[in-house]
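# Examination of the molecular architecture
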Amino acid sequence: MMKKLIIGNWKMNPTTLKEAVKLAKASDKNGTVIAPPFVFIEEVAKVLKKATLGAQDLKISPEESKRLGVKYVIIGHSDRRALGETDAMIAKKLKIAVAQGLKAILCIGEPKRESGIKNNELREAKRYIKNQLKKDLVGIHNSKFIIQNSLIIAYEPIWAIGTGQNDAPADVSEIARFIKQSIFKSHKLKARVLYGGSVNAKDAKLFLETRNINGLLIGGASLKPKEFNKIIKNA
Ligand code: PGA
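Conventions and cut-offs
Residues numbered from 1 in each chain as written. Predicted model: local features only at pLDDT ≥ 70, side-chain atom pairs only at ≥ 80, totals over all residues. Heavy atoms only, no water. Phe/Tyr/Trp six-rings, centres within 6.5 Å; stacked < 30°, edge-to-face > 60°. Helix = DSSP H or I, 4+ residues; strand = E, 2+ residues; numbered from the N terminus. Buried < 20%, exposed > 50% of the residue type's maximum accessible area, 1.4 Å probe, protein only. Lys NZ or Arg CZ within 6 Å of the ring centre and 35° of its normal.

### Some points on the packing of aromatic side chains
- Per the counting criterion, the structure on display carries 2 aromatic pairs.
- Here Y155 and Y195 contribute two aromatic rings whose centre-to-centre distance is 6.5 Å and whose plane-to-plane angle is 50°, an arrangement assigned as tilted. With Y155 in strand β6 (residues 151–155) and Y195 in strand β7 (residues 192–196), this pair connects stretches of sequence that are 40 residues apart. Pair check on accessibility: Y155 and Y195 agree, each one buried.
- Aromatic pair Y195 and F207: ring centres 4.6 Å apart, planes at 15°, arrangement stacked. Taken together, the residues Y195 in strand β7 and F207 in helix α8 (residues 204–208) connect sequence positions 12 residues apart. With respect to class, Y195 is no different from F207; both count as buried.
- Feature note: the residues Y155, Y195 and F207 constitute an aromatic cluster, connected by ring pairs.
- The lysine or arginine in question, K188, covers the ring of F184, its NZ or CZ lying 5.9 Å from the ring centre.

The following block contains the structure:
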């Protein structure tokens, strides 16, 4: 079985380079990916010995990203979608990233859970996700395009990001199963599925022990080394 993947998505934090270097040193653990803001990436790369470097977007060319030591790239985060990034742009970035040998973490997730559906049916959410996958994976036609293990899907229900209100592990498990099945059916690809949205040290274990969840994408808690290290221990 593959080890669970823990990714720290620092977003626009911390404020200074000094803090970024300190945070990177404190979070430098095996099996972890650290995605600092682009402005700190070069200096963070210098201090990471065990963790792997990730980028928060394909802001610069994949060749340049790789030269800086970047191995993973987050694509289609809801913050970027909110700023106007379209599915077509996301599909393009995804295709370029994997073709260049970067591991791509495609973020998807519904804006809210429709009320009125039975909790464990998740029908509306699945419809939304299926549509997102269809648009975002345009151009990823066959397995030749994808080097093994290079497609990772982060299921991040938007209502759970940064809100302190995370999803129920059972529901995430069902959605993750659905994502894997959909991608296998449409693209004959095996994708790993991570969960993201208000995960903290207390509930990380629960998610990591849940079927179909291959790891976590952590925002807020990745800025607190003590908390982040507790999460890593569970993986
Ligand atoms: P959060 O962020 O853990 O702070 O909810 C997750 C993300 O946006 O990737």
